[in-house]
Amino acid sequence: MAEKQKLATSLATSFRGDGYWVPLPGPQTLAVALGKDKRYREILFGGARGPGKADASIAILGDRFPDPRAKQLVIRRNAEDLSDFEDRASLAYKAMGGKLRRKPMTLSGKGTGRILGGHLKDDDAYAKYQGHEYCRINIEELTQIPRENMYVKLISSARSKYPHLFPQVFNTTNPGGIGMAWVKRRFVTPDPNTTWRYKHEYHWYDKDGNPQVTHWQTIIDKETGLWRAYIPATIDSNSILLESDPEYVRQLESLKSTDPELYEAWRNGNWNIQFGAVFDEFRQGLHTFRRFYDWGVDQETFKSRALFKIAGMDWGYNDECVMLWATFDTITEKEERAFVYREKHDNHKHPRWWAQEFVKIQREDPVDVLALPHDAFSHLGGNKPIADVFKEELEVLPPDLRPKIVRADKLSRDIKKSAINSLHNMFAPSSDGRPALLIHELCEYLIETLPTIVYKKESGGEELDAANEDHGLDALFYTLLTANKERGILLNKSELRAKRKESFIAGTNTTAKDLGIDTATLIR
């Protein structure tokens, strides 16, 4: 078997010398092979810079291009990236008679199929292809798609009535980006409750005949039975780039000292690093905990209700609804440590379901305060306020187990800015050298999404991106801010300035009320 693979490598080198494109041995060959396997509905190839992701994408599209019934779609991050693809693909398909038309991109020829192009900067990028039929959809820079439901909407157009043109979605990306959390959850570390994961080893030989192995995986959705594949790859498997552009490799290596997080993502394909994030100091090994006992809180103290406890919710039905539980312990007279020790999240669950689930937990682990967002106190769609539903369900508990239900402050831009600065302070070492905020390792949704929060571009770090998956973060804000408010603590007082009030006296900031003047009496 080894001799056959070495012969194949030698033949591939010979074909490349004659101008043919041949996949690189290793992950790229595996990716192209799975592109011909109808069992795999979705494929994610990549995870680092330089393994030949774009070339593999062009080759896989080209495999069906000669068939006039094949209609395929390629999606890239922006217009500039799409233009680069247009140039490379038109050159690759020229021998097949392919001709390029731009704006919108269409690659076609006499007796060939069609490849259409689009990019994620289009206002209607996630809806414009619905109702269309594409036997293949290739998406590059997958983590630029903010939410999983947007991706699902986009790939719903991958369908075909021709058996040999089976529908498939081929994705490429690097770690990082606003959608990293859901991409990681879908392809890299899937939920064992909803999927089966099978790990494989692909053995191959590099151009020098040295044995190599690629660890890849198959994910099968328990509900739909659809197969997904994740094939990790780095620049080490791209022998052509290593030889032709050693400077590029040196550039990647230079990041090791200047930007370690970016280095880990681009060079090694590390999915546990989120560079460019708001909370770039967050480290799972540093800011999570497993047992209260390790932090000086014994079981008796925890259950005695001597500690203040609070639960906070960020409401959502279509989006994720998140509830967090937290408690606090003293470090010094002026310092305390917050423990976020429980999490519950789900979607498409009604308020009464959430209230009943909360009551079950409250029986065993009662909290003093339940913080609900401001919209939980309004009649949404004419329905009973969520706060009232919770109050009704809590009536089954004895009075001493019923928490105080509090309307959490609305998360305005100023309050969020202040809360973010407070979280930075809490993630930093306290006087005992350890962080002032710890999250239990089972709070997986919060731990997974917190490092993906980014600022809105061109906001100068003043405003969070609206596309963030921030339900866990908002629940954390509601929980911690309300806990401090209930105990008379104000975070970052200097930043929470009252908005300037209009003056009744021209040229000053003094109001009639400030002067003790009752305007209603004066009018009377």
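Our subject is the structure listed above.
Below or above, wherever it landed, is the structure these notes cover. Per-chain numbering applies: the sequence of each chain, read as written, is numbered from 1 onward. A pLDDT threshold of at least 70 governs which residues receive local features in this predicted model, and a stricter bar of 80 or more applies before side-chain atom pairs are shown or counted, although totals over entire chains, interfaces and linings include all residues. By convention in this description, side-chain values take in all heavy atoms of the structure and omit both hydrogens and water.

1. Focus: helix 14 (residues 413-427)
Our working definition: Helix and strand definitions follow DSSP, with helices as H or I runs of at least four residues and strands as E runs of at least two, each counted in order from the N terminus. Working rule for helices: expected span equals 1.5 Å times residues minus one. A 1.4 Å probe rolled over the protein chains alone gives each residue an accessible area, and that area as a share of the maximum for its type sets the label: buried under 20%, exposed over 50%, partly exposed in between. Throughout, a contact is declared for two residues whenever any of their heavy atoms are within 4.5 Å.
In a regular helix each residue adds 1.5 Å, so 15 residues correspond to 21 Å; helix 14 covers 21 Å between its end C-alpha atoms and thus fits that length. Those residues of helix 14 lying buried are Ile415, Lys416, Ser418, Ala419, Ile420, Ser422, Leu423, Met426 and Phe427. Taken together, the buried residues of helix 14 touch helix 10 (284-287), strand 14 (336-346), strand 17 (437-440) and helix 16 (471-486).

2. Examining the packing of helix 8 (residues 246-258) against helix 9 (residues 260-268)
When two helices pack together, their arrangement is captured by the angle between the axes and the distance separating the axes. Operational definition: Axis definition: a line fitted to C-alpha atoms, limited for helices to the stretch in contact. Angles are taken between N-to-C directions and run from 0 to 180 degrees. By convention the crossing between two helices is left-handed if the near helix lies anticlockwise of the far one by an angle smaller than a right angle, and right-handed if it lies clockwise. Under this grouping Gly is polar, as are all residues other than the nonpolar Ala, Val, Leu, Ile, Met, Phe, Trp, Tyr, Cys and Pro and the charged Asp, Glu, Lys and Arg.
Put simply, helix 8 and helix 9 touch, their axes get as near as 6 Å, and they point 145 degrees apart. When you trace helix 8 past helix 9, the crossing you get is left-handed. On helix 9, the residues that touch Leu252, Glu253, Leu255, Lys256 and Thr258 of helix 8 are Pro260, Leu262, Tyr263, Trp266 and Arg267. The residue makeup of the contact of helix 8 with helix 9, split by class, is 6 nonpolar, 1 polar and 3 charged.

3. Details of the nonpolar core
The tendency in soluble globular proteins is for nonpolar side chains to be buried as a group. Spelled out, the test is: Here, the term nonpolar core denotes a set of buried Ala, Val, Leu, Ile, Met, Phe, Trp, Tyr and Cys residues that are joined through side-chain atoms within 4.5 Å.
Counting 38 residues, the largest nonpolar core has Phe279, Val340, Leu423, Leu437, Ile439, Leu450 and Leu473 as its most contacted members. Among the elements of the structure, strand 13 (321-330), strand 14, strand 15 (369-372), helix 14, strand 17, helix 15 (444-449) and helix 16 are those that each provide at least two residues to this core. Ranked by the residues each element gives to this core, the list is headed by helix 16, at 7 residues. If we ignore the near neighbours within four places in the chain, the residues touching leucine 473 are Phe279, Leu423, Leu446, Leu450, Ile453 and Leu464. Judged by nonpolar contacts, the second largest core, of 32 residues, contains Trp315, Ala355, Ile386 and Leu401.

4. Focus on the environment of leucine 61
Tracing the backbone shows leucine 61 in helix 3 (residues 53-64). As a C-alpha pair, leucine 61 and phenylalanine 170 span 109 residues in sequence and 9.4 Å in three-dimensional space. With near-sequence residues (within four places) excluded, leucine 61 lies in contact with Gln72, Val74, Phe85, Tyr93, Ile115, Arg136 and Asn138.

5. Some details on the sheet that holds strand 17
In plain terms, the rule: Two strands are counted as paired when DSSP detects at least two bridges linking them.
Pairing in this open sheet of 7 strands is mixed, and the strands run 11-17-14-13-12-15-16 from one edge to the other. Strand pairing shows two members of the sheet lacking a second neighbour, strand 11 (288-289) and strand 16 (404-407), which therefore form its edges. The sheet contact formed by strand 14 and strand 17 spans 3 bridges and is parallel. In the strand pairing of strand 17, phenylalanine 339 is matched with leucine 438. Packed on one face of the sheet, helix 12 (residues 351-364) meets strand 12 (309-314), strand 13, strand 14 and strand 15 and runs near 135 degrees to strand 14.

6. Topic: the environment of tyrosine 93
Summarising the element assignment, tyrosine 93 is placed in the loop between helix 4 (79-92) and strand 3 (99-101). A relative accessible area of 2% means that tyrosine 93 is categorised as buried. In the structure, tyrosine 93 is positioned 31 residues away from glycine 62 in sequence and 7.0 Å away in space, judged by C-alpha atoms. Look past the residues within four positions of tyrosine 93 in its chain and what remains in contact with it is Ile58, Leu61, Gly62, Phe65, Gly98, Leu107 and Ile115.

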